[in-house]
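Examination of the molecular architecture
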Amino acid sequence: MSSKIFCIASFKPKPGREEALFKALQALEPNTHREDGCLQYTVTRHIDHPNAQGASYPIVFHEVWASREAFEAHCNRREIQKFFVTHVQSPDGDVQHANVCVYTDEPHDFDAPQF
């Protein structure tokens, strides 16, 4: 078990805006990889595969953070906030819908050691 935070950020682009959105998300990767506590931060695109027939948004970020604090610091960076204002919240943005969720690998009743 760990104190890691796992984030899945899914994006449904507006029609015809998938490539622009993917590029905007890719542009966030270099600075994010430099953040303390960033263990993984990768934007991916959905592809068709016969062994994986599930439904998904076309673009998904897979993130792993060392701690809740590291994830929260990331969310509060100006670059990240600007992305959401410009691409998600703005009527002129590229995103039709975004779904950002965080997860833990600790069970509800985990008896973590006290140091």
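Here's what I pulled together on the structure shown here. What you see is a predicted model, and the numbers here were worked out from it, not measured in a lab. (Residues numbered from 1 in each chain as written. Predicted model: local features only at pLDDT ≥ 70, side-chain atom pairs only at ≥ 80, totals over all residues. Heavy atoms only, no water.)

Moving on: the environment of Glu63. Looking at the secondary structure, you find Glu63 in strand 3 (residues 59-65). For Glu63, a relative accessible area of 6% corresponds to the buried category. Between the C-alpha atoms of Glu63 and His46, which are 17 residues apart in sequence, the distance is 16 Å. Aside from chain neighbours lying at most four places away, what touches Glu63 is Ile5, Phe6, Cys7, Ala9, Gln40, Tyr41, Phe71 and His74. In this structure the side chain of Glu63 is engaged in a polar contact, spanning 2.9 Å, whose partner is the side chain of Trp65. (Helix = DSSP H or I, 4+ residues; strand = E, 2+ residues; numbered from the N terminus. Buried < 20%, exposed > 50% of the residue type's maximum accessible area, 1.4 Å probe, protein only. Contact = heavy atoms within 4.5 Å. Polar contact = N/O pair within 3.5 Å; in protein donor to acceptor, adjacent residues only side chain to side chain.)

Let us now look at the pairing of strand 1 (residues 5-13). Inspection of the sheet shows strand 1 paired to strand 3 by seven bridges, in the antiparallel sense. Bridge assignment links Ile8 to a residue of strand 3, and that residue is His62. By the bridge criterion, eight bridges tie strand 1 to strand 4 (residues 95-103) in an arrangement that is antiparallel. Its bridge partner being in strand 4, Lys12 is matched across the sheet by His97. (Pairing = 2+ DSSP bridges.)

For Phe84, the position within the fold is in helix 4 (residues 78-89). Along the primary structure Phe84 and Ala98 are separated by 14 residues, whereas in three dimensions their C-alpha atoms are 9.4 Å apart. Every residue in contact with Phe84, bar those within four places of it in the chain, is listed here: Phe11, Gln89 and Val100.

Let us look at the packing of aromatic side chains. All chains considered together, the criterion is met by six aromatic pairs. With a centroid separation of 5.9 Å and an interplanar angle of 90°, the aromatic rings of Phe11 and Phe83 are classed as edge-to-face. Here Phe83 lies in helix 4 and Phe11 lies in strand 1, a separation of 72 residues in the sequence. Assigned by exposure class, Phe11 and Phe83 land together as buried. The side chain of Arg45 reaches across the aromatic face of Phe22, ending 4.3 Å from its centre. (Phe/Tyr/Trp six-rings, centres within 6.5 Å; stacked < 30°, edge-to-face > 60°. Lys NZ or Arg CZ within 6 Å of the ring centre and 35° of its normal.)

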